[in-house]
Amino acid sequence: MTPDHEVLVIGAGFSGIGTAIGLRRAGIEDFAVLDEQDGIGGSWHANRYPGIAVDITAFSYSFAFEPIPSLSRAFPPGAELKAYAEHCVRAYGLERHMRLNARVVRAEYDESEHLWTVFLADGAPVTGRFVICATGWLTKPKAPDIEGLDSFKGEIVHTARWDPSTDLAGRSVGVIGTGASAVQIVPEIAPDVERLHVYQRTPIWVFPKPDFAMPEAARRLFRAAPWTQRLVRLLTDTVTELGFVIAMIYHRQFPFLVKAGEALSRRHLRREVGADPELMRKLTPTYKLGCKRPSFGTGYWRSFTRENVELVTEPIERITATGIRTADGEEQRLDVLVLATGFHVLDNLPPFPVHGPGDRELREFWRTERFQTYEGSSVKGFPNLWFIVGPYSFTGGSWFGMIDYQVTHALRVIGETRRRRATQACVRPEKHDASFRRTLRRQPNTVFLDASCRSANTYYLDERGDAPAVRPATRYEAAWRAAHFDLDDYRYDRAPDRAPDHISDHTHDHISDHGSGGRRAETR
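Residues numbered from 1 in each chain as written. Predicted model: local features only at pLDDT ≥ 70, side-chain atom pairs only at ≥ 80, totals over all residues. Heavy atoms only, no water.

A look at the side chain of Thr-439
Okay, step 1: Here Thr-439 lies in helix α12 (residues 429–442).
Okay, step 2: Apart from the residues within four sequence positions on either side, Thr-439 is in contact with Tyr-392 and Pro-472. (Helix = DSSP H or I, 4+ residues; strand = E, 2+ residues; numbered from the N terminus. Contact = heavy atoms within 4.5 Å.)

In C-alpha cells:
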C-alpha cells in the first residue's frame, strides 16, 4: 500500500513550519502539514489577548537561518510573530503543503504496511509512512478546577481563546492566575477597568523586560546585512544559556546562578512596589527560581500599586453567579472573569491517542511506564514517529534551537531509512532505555528536584516527581547529539513484499545539512 504522503507533520506552528522547511531542504516534497486551526502560527494564531508578546528576545525567538525581516521591538507583539510565521511559509514555498481545519483525533500504526493512518475529525483518514508530531505545548487551554465556574452569569474568557469583542472598559474584572499570560495582560487592562481583582495561588518570578523600539538604522542594517542580526542572536543565545539553562540544569554545580537570578528579580520587585512591604511579601515566591516558568515584564508588579487593582491571595472557595467568594467569606462582584490559567501540558502529550504496534497506546505507556524518550525525540515500540516537542525535548532556552535539533534528529533517521531502502525505523529498546537512564541520572543536578518545587504548582513536574518538560542538557549538547547519535541505534526493516516509497540515494547528504543556515528552499 502506497501512503498518501511520505511524511505527515502534525501542527502548523513554528515547530511544524521548521519541520516542513527541513523536509524541503532535504529534498522531500511528499509531505503534508495538518493543523486544527484555520490559520498558521500555532499559539500566535490562537492567542490574541491584550498585551500578548514574546517573552524572550526575538533575536533568539526566530529561525537562525531566517531572521525576522523587520523587527519593531526587541520583544515584538504577538501579531508580528504571527506575520513572521506567514512570512516563513511564503519564503520557503510551504503553502501547498498546508492543510488547515484538519483536527487529528487518532493515529494508528499498520504493522504489516509500515505506515501510519491519521484520522481527522471531519474528513477521510490520511496515511503517511512517517509522522512528525509538532503540536507544541500550549494548545489546550486549562480551566481552573473551581466549584461553581459554570454558574457565573457574567462574561468568562480564557486568555488563550480571547474574544476581540470583549470590552473591559469601566467594568469590574477578576483575573484568575498569575503566570506568564497574567504578567502581560494585567498591566495592559488595569488602566481601563473600573476594578481589577487578581487571584493569586502561586506568585511568579519576574524579571525586568529589556524591551525597546528597534531603531530604523538597525532595521536597515539587519535587512542589508542579515549576518549582523545573526551576530546579535549569538549574544542573546549565550546570555539565555548562561542565565537560565545552565542555572536550571546544573543547579547543584552552580547554585549561585539561581541565587543571583532571585536577587535580580527581588530588586526589580522593590523598584516596582518597594513602598509596600506587605505587597512585596505576597508577590515574592517561596520556591526557587526555575521551579516553574519565570517571566519578563515591566509594569506587572507596579499594577498592584494602583488604587483600582487588588491582589487577592486568599484561596477561592467557589465561583458564584455574580462573582468570586474566597475562603475568608468575602465575595467580590464581577462583570467579567478572565481565566489566565494556562494550558494542559504533560497531559496533552500528545493531544490525541496514538496506537502503535500491538495497539499499544502512547499516552497509556507513558502513564504506566513514566514519560520517556530516546534523545527527547522517539519512543521504543512506536516506529516511524518523532516528536519536536515531547518529553525531555526542550532544554529551557531557545524554542527555535530545540526545533532545529529535533528536526535534525528525525531527518537523519528518515534519510537513513531511505538510504537502506527500508520502510520502517524504530529505536532499539536497549538504546532507548540507556538514553532514558542517562536523563534520569542527570535530573538530580537540576533545580526541578529541589524540595521547594513541590509547592510551586509547576507543569514542569509530573505526578512521579520527574521533570519531563525539560531536558537536562544545554541546547548545544542537544544539538551535537542530534547530529552525531549512532544511526544504528535504530532498527530498519522493510515491509514484507513492499517496495519502499520515494527513495533517493542522495537524500541523506541533503539532510545532514539541515540547520546550517543555507539559502531558502526553491519554491517548486
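A closer look at unusual backbone geometry
Okay, step 1: Between Leu-349 and the following residue, Pro-350, the backbone shows a cis peptide bond with an omega angle of -15°.
Okay, step 2: Positionally, Pro-350 belongs in the loop between β18 (343–344) and β19 (354–355).
Okay, step 3: Unusually for a residue other than glycine, Arg-370 sits at a positive phi of about 85°.
Okay, step 4: Mapping Arg-370 onto the fold places it in the loop between α10 (362–369) and β20 (385–387).
Okay, step 5: Judged by its relative accessible area of 28%, Arg-370 falls in the partly exposed class.
Okay, step 6: The phi torsion at Asn-457 lies on the positive side, around 50°, for a residue other than glycine.
Okay, step 7: In this structure, Asn-457 sits in the loop between α12 and α13 (475–484). (Buried < 20%, exposed > 50% of the residue type's maximum accessible area, 1.4 Å probe, protein only.)

So, the nonpolar core
Okay, step 1: By size, the foremost hydrophobic cluster in this structure holds 144 residues, and its most contacted members are Phe-14, Ile-17, Phe-63 and Leu-196.
Okay, step 2: Considering every element that reaches this core, the biggest residue donor is helix α11 (residues 399–419), with 10 residues.
Okay, step 3: Leave out the neighbours within four places in its chain, and Leu-196 touches Val-173, Val-175, Val-186, Ile-189, Ala-190, Asn-308, Val-309 and Glu-310.
Okay, step 4: The next biggest cluster of nonpolar side chains, apart from the first, holds 11 residues, and it includes Ile-146, Leu-149, Ile-319 and Leu-337. (Core = buried A, V, L, I, M, F, W, Y, C linked by side-chain atoms within 4.5 Å.)

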